[in-house]
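The primary structure of each chain is shown beneath.
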Amino acid sequence: MTLDLRFYLSLILRRLPIILAITITATVAGVLYAISLPPIYRAESRLLIENAQIPDELAASTVRSTADEILLSIQQRILTRENLLTLADRHGLFADVPGMAQNVQLEQVGSRIAIYMPTTQGNTGVVHVSFAAGDPELSAVVTNDIAEQILQWNTELRTRASGSTLDFFDQEVRRLTDELSQQNAKILEFEQANRDALPESLEYRRTRQASQQERLLQVNRELASLRDRRDRLTELYDRTGRLVTSDTDRTPEQERLEQARQELASALVVLAPSNPRLKALQTEVAALEERVKAQLGASGGGQLSAFEVQMLDIDGQITFLAEQKRLLEEDLVKLEASIEATPGNSIRLAELQSNYETLRVQYEAAVGSLSEARMGDRIEVTDRGQRISVIEKAVPPPFRAEPNRKRITIAALGAGVILSAALLVLLEILNQTVRRPTEVIKTLGVAPFGTVGYLPGPPQRSGLTLNRVAVLLALLINIPMILLAVHLYVAPLGTLLGLTPDAAAEAPASLTE
């Protein structure tokens, strides 16, 4: 099926009055609507977001928020309910409407504020701030007020953030200082409580243990030797009654006793036990021994004998060595206990020292961060970091920003064209008249040999057609609308007609008569 352009063009030309009527009516309505809208002025202020003046390599600010984050945070604070109501009251935005509800005020003020920042390069960008109002002066004043709020909020947010960071690290340093002191006190208390079983003295205690064990063996040997000597001297004294056997030291009784003991020994070999001679020798030996003992006791003059002196000396040495042995054994027990306790103490001490080292590393890191936080806070307080400054204040705009009457008029014209096209399509759908050869073939179902076009006869007078009705309606609608627009927005019709106000008032009365 081919597109019959000539046929459709003829349809458009035939319905041209309807198209023009609808298009003109829609356009006039759009123009009147655009004229009826009140003018809105939008003053604009520009703010510049600047990078930090001090390079980060030398001193960096502790505020790491990007320009977009800072601007979004400020924008949310400006658009709060309390701030918007305060802004409206301060500038009297709704002074002429005293009964307006707060929700309506919030909606209108919030919709009039525009804060926009194009894509930034790094952390630098330009912020556009504007406020829409019916008065240019009011628009400029409110816009500058909002720009000042942005500057104040930026300074407050950055100094608050840097101050909070400084306070945090200051508290952290104090906390770690207290924990280090407490941990150091724990280590000192543990070392004092276990000073004899610390790992650093383990080698010394093992060496001392070996030395004390060797000393104990030596003391045991000396004690065994002294005890053996004491037993031998006691046995010798009990058997001989003397401690030495030298001839120069013997008394006559001792010599006689020695001879009698020799004779007794010889007689015991030769004579029988019941021999009187043997009994006489035994009696003599006993008598001589008593006499020798008496002589030895009398010769002392009330002093200790040589045997007693030696016994006392040996007993003293034995007592001393026994005490030494007891001390050595006690020392060895203590050394053994301390050596056995050393591994556990080593683990506990290593745990305490590890905790102390961890706290020390955290403390050093916190001190470094505190120094950076102080520098960052100083940068923000002196306004040396990223900042926002006004590069152009808002001034009363000479031209309105809204409404865009050209755009509204063009939109109305387009709407009229679309409506007229839709009406044409609807009329064609409803029209079932056969007007083209293709429609003849479609209706009859057969292909004719040929077709003859419509031959119009002489012109006939007809009544109201659809085109004439459309034109008439367009005139009846558009002419009053145009006259009303001229009367309201250009000049009163009476003035344009040259009538005085009284005459203009009397004219309708005369017409009614």
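Given the structure is predicted, the values throughout are model-derived calculations rather than measurements.

Peer 1: Please give an account of the nonpolar core that cites residues and values.
Peer 2: If you look at the biggest cluster of nonpolar residues, it comprises 30 residues, and the most contacted ones within it are Val109, Ile113, Ile115, Val127, Phe131, Ile146 and Ile150. Among the secondary structure elements, those contributing two or more residues to this core are β1 (41-50), α3 (67-78), α4 (81-91), α5 (102-112), β2 (113-116), β3 (125-133) and α6 (136-193). Element by element, the count of residues in this core is highest for α6, at six residues. Apart from the residues lying within four places of it in its own chain, the contact partners of isoleucine 115 are Leu71, Gln75, Ile78, Val127, His128, Val129 and Ile150.

Peer 1: Tell me about the pattern of salt bridges, and please be specific about residues and values.
Peer 2: All told, the structure shown has 14 salt bridges when counted by the stated rule. Measuring nitrogen to oxygen at the nearest pair gives 2.6 Å for the salt bridge that ties arginine 326 to glutamate 330. Linking arginine 326 with glutamate 330, this pair stays in helix α10 (residues 306-381), spanning four residues, or about one helical turn. Between glutamate 364 and arginine 360 there is a salt bridge; the shortest N-O distance is 2.4 Å. In this pair, glutamate 364 and arginine 360 both sit in helix α10, four residues apart, roughly one turn of the helix.

Peer 1: I'd like to hear about the packing of aromatic side chains, residue by residue, with values.
Peer 2: Tallied over the full model, the rule gives one aromatic pair. Seen in terms of ring centroids, phenylalanine 168 and phenylalanine 169 are 5.2 Å apart; in terms of plane orientation they differ by 75°. Their pairing is edge-to-face. Residue class for phenylalanine 168 comes out partly exposed when judged on its relative accessible area of 46%.

Peer 1: Can you explain the packing of α3 against α6? Please cite residues and give values.
Peer 2: One can describe the packing of α3 onto α6 by two numbers: an axis separation of 10 Å at closest approach and a directional angle of 120°. By the angle class used here, α3 and α6 are oblique. Here the hand of the crossing between α3 and α6 comes out right-handed. Together, Ile70, Ser73, Ile74, Arg77 and Ile78 of α3 and Ile146, Gln149, Ile150, Trp153, Asn154, Leu157, Arg158 and Arg160 of α6 make up the contact between the two elements.

Peer 1: Give a description of the confidence of the model for the protein that names residues and reports values.
Peer 2: For the protein, mean pLDDT is 77; residues scoring 70 or higher make up 73% of the total. Note that residues 503-513 has pLDDT below 50 and, in this model, two contacts with residues that lie over four places away or in other chains.

Peer 1: Requested: an account of the sheet that holds β1, with residues and values cited.
Peer 2: Taken in spatial order, the four strands of this open sheet run β2-β3-β1-β4, and their pairing is antiparallel. Pairing within the sheet leaves two strands with one partner each, and these edge strands are β2 and β4 (387-392). Averaged over neighbouring strand pairs, the angle between their axes works out to 25° when direction is ignored. Direction of pairing for β1 relative to β4: antiparallel, over a ladder of five bridges. When the bridges of β4 are listed, glutamate 50 appears paired with arginine 387.

Reading the values: the criteria
Residues numbered from 1 in each chain as written. Predicted model: local features only at pLDDT ≥ 70, side-chain atom pairs only at ≥ 80, totals over all residues. Heavy atoms only, no water. Core = buried A, V, L, I, M, F, W, Y, C linked by side-chain atoms within 4.5 Å. Buried < 20%, exposed > 50% of the residue type's maximum accessible area, 1.4 Å probe, protein only. Helix = DSSP H or I, 4+ residues; strand = E, 2+ residues; numbered from the N terminus. Contact = heavy atoms within 4.5 Å. Salt bridge = Lys/Arg side-chain N within 4 Å of Asp/Glu carboxyl O. Phe/Tyr/Trp six-rings, centres within 6.5 Å; stacked < 30°, edge-to-face > 60°. Axes fitted to C-alpha atoms, helices over the stretch in contact; angles between N-to-C directions. Parallel < 35°, antiparallel > 145°, perpendicular 65-115°, else oblique. Left-handed = near helix turned anticlockwise from the far one by under 90°. pLDDT = per-residue confidence, 0-100. Pairing = 2+ DSSP bridges.

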